[in-house]
Amino acid sequence: MIVRLLFFILVFAIGWIIYRQFAKAIMAKSKSVKKQDDKSHEEAMVKCATCGTFVPTSHAVYDHNQTPFCCVEHKLEHKS
Ligand SMILES: [Zn+2]
């Protein structure tokens, strides 16, 4: 009787381990897909007209001539 109980516990444990491995594999797969997606959405870089630092387009500051700058300070510096 006790052997049967141990056998059930063993089967349950193995099933649980397989389930965990499966869940981990699926999670890793979705993570890698997300990573790949992020890479494809990598932003273009623009050069600051004042100091020459490369900044992502979304972080760049533009003046009325669409000249890119790394920060507002450099935009103002360029004008003067
Ligand atoms: Zn700058």
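Residues numbered from 1 in each chain as written. Predicted model: local features only at pLDDT ≥ 70, side-chain atom pairs only at ≥ 80, totals over all residues. Heavy atoms only, no water.

Student: Residue-level account of the overall build of the protein chain, with values.
Tutor: Each helix and strand counted, the protein chain has 2 helices and 4 strands in total. Ordered by position from the N terminus, the helices and strands of the protein chain form the series α-β-β-β-β-α. Here the protein chain, with 80 residues, has 11% of them falling under the buried criterion. Looking at the protein chain alone, contacts between residues at least 24 apart form 10% of all its contacts between residues at least 6 apart. Within the structure as shown, the protein chain displays about 7200 Å² of accessible surface, and the carbon and sulfur contribution to it stands at 65%. (Helix = DSSP H or I, 4+ residues; strand = E, 2+ residues; numbered from the N terminus. Buried < 20%, exposed > 50% of the residue type's maximum accessible area, 1.4 Å probe, protein only. Contact = heavy atoms within 4.5 Å. Areas by Shrake-Rupley, 256 points an atom, 1.4 Å probe, with all protein chains shown as cover.)

Student: Describe the coordination of the zinc ion, listing the residues and the values that go with them.
Tutor: Around the zinc ion, the protein supplies Cys48 (SG), Cys51 (SG), Cys70 (SG) and His74 (ND1) as donor atoms, at distances of 1.8 to 2.3 Å. One can describe the site at the zinc ion as tetrahedral: its 4 donor atoms subtend angles covering 97 to 123° at the metal. (Donors = N, O, S within 2.8 Å, 3.2 Å for Na, K, Ca; no water. Tetrahedral: all angles 85-135°; square planar, octahedral: opposite > 155°, others 65-115°.)

Student: Summarise the side chain of Asp63; cite the residues concerned and give the values.
Tutor: Residue placement: Asp63 occurs in the loop between strand 3 (61–62) and strand 4 (68–69). The exposure class of Asp63 is buried, given its relative accessible area of 8%. Separated by 3.0 Å, the side chain of Asp63 and the backbone nitrogen of Asn65 make a polar contact. Side-chain polar atoms of Asp63 contact the backbone nitrogen of Thr67, separated by 2.9 Å. Ignoring anything within four residues of it in the chain, the contact list for Asp63 reads Phe69 and Lys75. (Polar contact = N/O pair within 3.5 Å; in protein donor to acceptor, adjacent residues only side chain to side chain.)

Student: Let's hear about unusual backbone geometry: which residues, and what values?
Tutor: Across residues other than glycine, the phi torsion is negative in most instances, and most of the peptide bonds are trans. Positive phi, normally seen in glycine, also occurs at Gln66, with a value near 65°. Judged by relative accessible area, Gln66 falls into the exposed class, the value being 57%.

Student: I'd like a description of the packing of aromatic side chains, backed by residues and values.
Tutor: For the structure on display, the rule yields 2 aromatic pairs. With a centroid separation of 6.3 Å and 65° between ring planes, the pair formed by Phe7 and Phe8 is classed as edge-to-face. Residue class for Phe7 comes out exposed when judged on its relative accessible area of 51%. For Phe8, a relative accessible area of 54% translates into the label exposed. (Phe/Tyr/Trp six-rings, centres within 6.5 Å; stacked < 30°, edge-to-face > 60°.)

Student: Can you explain the environment of Phe54? Please cite residues and give values.
Tutor: Relative to the helices and strands, Phe54 is located in strand 2 (residues 54–56). In the structure, Phe54 is positioned 10 residues away from Ala44 in sequence and 9.6 Å away in space, judged by C-alpha atoms. Apart from the residues lying within four places of it in its own chain, the contact partners of Phe54 are Met45, Val46 and Lys47.

Take it as geometry only, folks, not as evidence of what the structure does.
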